[in-house]
Amino acid sequence: MDKNHKSALSVMEGVEQPDQINAELVKKLKSKRAKPLMVKDYVDGVKQGNRTILSKAITLIESALPKDQELAQLIITECLRITNYEFTPGQYEEIRNPKSEIRNPKSEIRNPSIRIGITGVPGVGKSTFIEAIGKYLTALGHKLAVLAIDPSSSRSKGSILGDKTRMEELAVDPNAFIRPSPAAGSLGGVARKTRETIILCEAAGFDVIFIETVGVGQSETTVHSMVDFFLLLMLAGAGDELQGIKRGIIEMADAIFINKADGENLTKAKAARIEYANALHLYPPPESGWTPVADICSAKSKMGIEKVWETILEHRKITQKTGYFQLQRQLQNRQVLYESIESELRRKFFANPKISAQISEAEEEITLGRINPYQAAQKLLDEYFGMLL
Ligand code: GDP
């Protein structure tokens with residue numbers, strides 16, 4: 001055949017391709033595997049805002065393995081040293097202007113963070129809203145972490161943060177960090193992990209922390225107990241019952257924003273705003289000195305997004321003046337004490353080999369009706385605490 005004849009069937013000689021595997025990288029990864037990261041590596045990495053290390057540290061927090069847990073606690077203790085500082089009155093200016101060069105001499109961190117809880121029924125537009133306000137905030141120079149609390153995440157579909165279709169722009173924003181809910185577990189467990197994740201994110205320099213709840217029940221109370229500001233997103237034209245929002249949740253809200261206030265929905269949203277504003281005024285003024293507000297927004301057209309942020313800053317200004325901001329964080333810290341004790345007791349109890357063997361026996365005894373569950377539980381607890389004496 002003619003050498004120069006070109007046919008789609010003939011094999012071209014081609015250019016030599018580089019090796020698919022980067023030998024240097026493999027070497028590096030292998031050496032990393034051989035040498036696990038130490039507490040200092042984690043803490044330094046987190047402090048430098050290294051996202052890979054931050055993610056790895058969060059994975060340790062979420063791990064059920066005792067040795068990971070131990071390491072995680074040491075990292076958290078170190079990170080708390082970075083973020084634990086006192087508020088001074090002048091700091092408000094720093095908060096408003098994250099690019100400011102003023103630094104708090106007592107702390108290594110640029111700014112005190114603000115923790116914001118966001119809740120609302122599935123479909124209200126939480127992820128669209130977080131994406132809109134998130135982009136707005138990163139453009140202002142803020143660093144934003146988005147965490148989720150969803151103890152039912154393994155069962156629910158579509159509404160999980162971390163779902164690839166949610167917050168597409170924010171997910172690739174270098175100043176945003178999105179972390180899906182830890183794997184399903186008890187609400188207490190998930191809450192504890194979220195609190196610890198907040199500490200790590202703050203140590204990594206994230207100054208705005210969003211905590212989203214996907215659930216419509218108990219998890220709101222949990223989120224409320226770990227944030228400075230609680231935002232409730234609502235829809236117009238649906239009664240509270242229809243939206244699955246309980247009165248208690250409305251009472252907890254520092255602001256209610258009626259989302260999807262666009263197009264034909266705008267008039268309805270405006271009417272709903274007045275209704276909610278009236279409802280909020282029925283509650284006695286809270287000790288914080290802040291009167292909750294009701295307003296409208298459209299996450300889609302970005303209308304009202306700036307207003308939400310202004311409201312959050314205004315709330316912070318007022319509650320810092322009344323001292324409620326600091327008080328609330330102190331109370332939350334006290335709650336962490338109890339949560340930590342409970343979860344550590346639980347973990348140690350169930351990890352005890354003698355107990356775990358006896359639990360299986362107890363289960364069987366209960367099934368056979370030989371012992372009642374209360375007696376069985378008491379017996380196991382006596383046994384466990386007896387071992388410690
Ligand atoms: P989530 O389940 O609360 O996170 O809600 P999503 O953010 O996934 O939004 C649910 C649906 O509502 C999506 O189809 C969004 O495009 C739409 N949506 C969200 N915000 C708005 C808004 O402000 N206006 C309108 N018209 N639609 C919106």
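Above this text sits the structure in question.
One structure accompanies this document, and this report is about it. Note that the structure is predicted; figures quoted are calculated from it, not measured.

1. Re unusual backbone geometry
Here is step 1 of the chain: Even without glycine at this site, Lys260 takes up a positive phi of about 65 degrees.
Here is step 2 of the chain: The topology assignment puts Lys260 in the loop between strand 6 (255–258) and helix 11 (265–281).
Here is step 3 of the chain: Residue class for Lys260 comes out partly exposed when judged on its relative accessible area of 34%.
Here is step 4 of the chain: Even without a glycine there, the phi angle at Lys302 is positive, about 70 degrees.

2. Quick word on the packing of helix 6 (residues 126–139) against helix 12 (residues 305–322)
Here is step 1 of the chain: Contact pair helix 6 / helix 12: the axes reach a minimum separation of 10 Å and the direction vectors enclose 70 degrees. Taken together, the axes of helix 6 and helix 12 are roughly perpendicular relative to one another. In this structure, helix 6 contributes Phe129, Ala132, Ile133, Tyr136 and Leu137 to the contact, and helix 12 contributes Ile305, Glu306, Val308 and Trp309.
Here is step 2 of the chain: Among the residues making up the contact of helix 6 with helix 12, the classes are represented as 8 nonpolar, no polar and 1 charged.

3. Observations regarding the site of the ligand
Here is step 1 of the chain: The environment of the ligand is made up of 15 residues, and the closest members are Gly123, Lys126, Thr128, Arg166 and Asp262.
Here is step 2 of the chain: Take Gly125: an N or O atom from its main chain is 3.0 Å from an oxygen atom of the ligand.
Here is step 3 of the chain: Residue Ala299 places a main-chain N or O atom 2.8 Å away from an oxygen atom belonging to the ligand.
Here is step 4 of the chain: Protein burial of the ligand: of its 580 Å² of free accessible surface, 72% is covered by the chains.
Here is step 5 of the chain: Each residue belonging to the shell around the ligand can be placed in one class, and the counts come to 4 nonpolar, 6 polar and 5 charged.

Cut-offs used in this document
- Here the residue numbering is sequential within each chain, running from 1 through the sequence in written order.
- Given that the model is predicted, a residue must reach a pLDDT of at least 70 before its local features are reported, and side-chain atom pairs must reach 80 or more before they are shown or counted; all residues, however, enter totals for whole chains, interfaces and linings.
- Hydrogens and water molecules were not included; the side-chain quantities draw on all heavy atoms of the structure.
- Starting at the N terminus, helices and strands are each numbered in turn, a helix being any DSSP run of H or I of at least four residues and a strand any DSSP run of E of at least two.
- Type-normalised accessible area, obtained with a 1.4 Å probe on protein chains alone, sets the label of each residue: buried when under 20%, exposed when over 50%, and partly exposed for intermediate values.
- A fitted line through C-alpha atoms represents every axis, and for helices the fit uses only the stretch in contact; the resulting angles, taken between N-to-C directions, go from 0 to 180 degrees.
- Between 65 and 115 degrees an angle is taken as roughly perpendicular, under 35 as roughly parallel, over 145 as roughly antiparallel, and anywhere else as oblique.
- Here, residues are in contact when the closest pair of their heavy atoms is within 4.5 Å.
- Lys, Arg, Asp and Glu make up the charged group, whereas Ala, Val, Leu, Ile, Met, Phe, Trp, Tyr, Cys and Pro make up the nonpolar group; the residues left over, Gly among them, are polar.
- We define proximity as follows: a residue is near a molecule or strand when any one of its heavy atoms falls within 4 Å of that partner.
- Two N or O atoms count as a polar contact when they lie within 3.5 Å, although within protein this holds only if one can serve as hydrogen donor and the other as acceptor, and sequence-adjacent residues are included solely when both atoms are side-chain atoms.
- For the area figures, the Shrake-Rupley method with a 1.4 Å probe applies, and any residue is considered shielded solely by the protein chains shown.

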